[in-house]
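# Geometric and topological summary
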Amino acid sequence: MEAAENKRRQCAGFGWATRGSQSYLLKNEEQPFCYACDSLYTVRHILIECPDFQDTRKKYFSVTDMYRLFREVNPSRIAGYLKDLGVYGKI
């Protein structure tokens, strides 16, 4: 049970991720699009879907859905991925 609680706390630390991809809501702006593939710029898109980030993503994890990402991947690997993309400080 202690390990599960620790993992939950680590994952909760990624609540900041929505700030960058959903800040448009607070600013009353249009929802942003990914310049690389013209898809909606969402947390899921950055972490799982964007084909432009695929090579970088593979260096850090190989899961293909959000549930497994936050359940199976160490949060430091996710943070490393975001830093490598150059978006860590922006979200």
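As the structure is a prediction and not an experimental result, all values here were calculated from the model.

### What to know about the overall build of the chain
- Counting its regular elements, the chain contains 6 helices and 0 strands.
- Secondary structure elements of the chain, listed N to C terminal, follow the sequence α-α-α-α-α-α.
- Looking at the chain as a whole, 33% of its 91 residues qualify as buried.
- Across the chain, contacts joining residues at least 24 apart in sequence account for 40% of those joining residues at least 6 apart.
- Summed over all atoms, the accessible surface of the chain reaches about 6300 Å², with 48% contributed by carbon and sulfur.

### Overview of unusual backbone geometry
- Even without being glycine, aspartate 38 reaches a positive phi, approximately 55°.
- Counting through the fold element by element, aspartate 38 comes out in the loop between α2 (17–27) and α3 (43–49).
- When its relative accessible area of 59% is taken as the criterion, aspartate 38 is described as exposed.

### Topic: the environment of phenylalanine 61
- Structurally, the position occupied by phenylalanine 61 is in the loop between α4 (54–60) and α5 (66–72).
- As for phenylalanine 61 and isoleucine 48, which are separated by 13 residues in sequence, their C-alpha atoms are 9.8 Å apart.
- In contact with phenylalanine 61, not counting residues within four places along its chain, are Leu47, Leu69, Val73, Ile78 and Tyr81.

### Brief notes about the confidence of the model for the chain
- Overall, the predicted model of the chain reaches an average pLDDT of 78, with 69% of residues at or above 70.
- Considering only residues more than four positions removed or in separate chains, one finds that residues 3–19, a stretch of pLDDT under 50, has 20 contacts.

### Quick word on the nonpolar core
- Core analysis: the biggest nonpolar cluster contains 17 residues, and Leu47, Leu69 and Leu82 have the highest contact counts within it.
- For this core, the secondary structure elements donating two or more residues are α3, α5 and α6 (75–85).
- Counting residues per element, this core draws most heavily on α3, at 4 residues.
- Those residues in contact with leucine 69 that lie beyond four places of it in its chain are Leu47, Ile48, Phe61, Val63 and Ile78.

### Examining the environment of tyrosine 60
- Looking at the element boundaries, tyrosine 60 is found in helix α4.
- Along the primary structure tyrosine 60 and arginine 77 are separated by 17 residues, whereas in three dimensions their C-alpha atoms are 5.6 Å apart.
- Beyond its immediate sequence surroundings of up to four residues, tyrosine 60 is in contact with Arg77, Gly80, Tyr81 and Asp84.
- Of the polar contacts made by the side chain of tyrosine 60, one reaches the backbone oxygen of glycine 80; its length is 3.5 Å.

Cut-offs applied
Residues numbered from 1 in each chain as written. Predicted model: local features only at pLDDT ≥ 70, side-chain atom pairs only at ≥ 80, totals over all residues. Heavy atoms only, no water. Helix = DSSP H or I, 4+ residues; strand = E, 2+ residues; numbered from the N terminus. Buried < 20%, exposed > 50% of the residue type's maximum accessible area, 1.4 Å probe, protein only. Contact = heavy atoms within 4.5 Å. Areas by Shrake-Rupley, 256 points an atom, 1.4 Å probe, with all protein chains shown as cover. pLDDT = per-residue confidence, 0-100. Core = buried A, V, L, I, M, F, W, Y, C linked by side-chain atoms within 4.5 Å. Polar contact = N/O pair within 3.5 Å; in protein donor to acceptor, adjacent residues only side chain to side chain.

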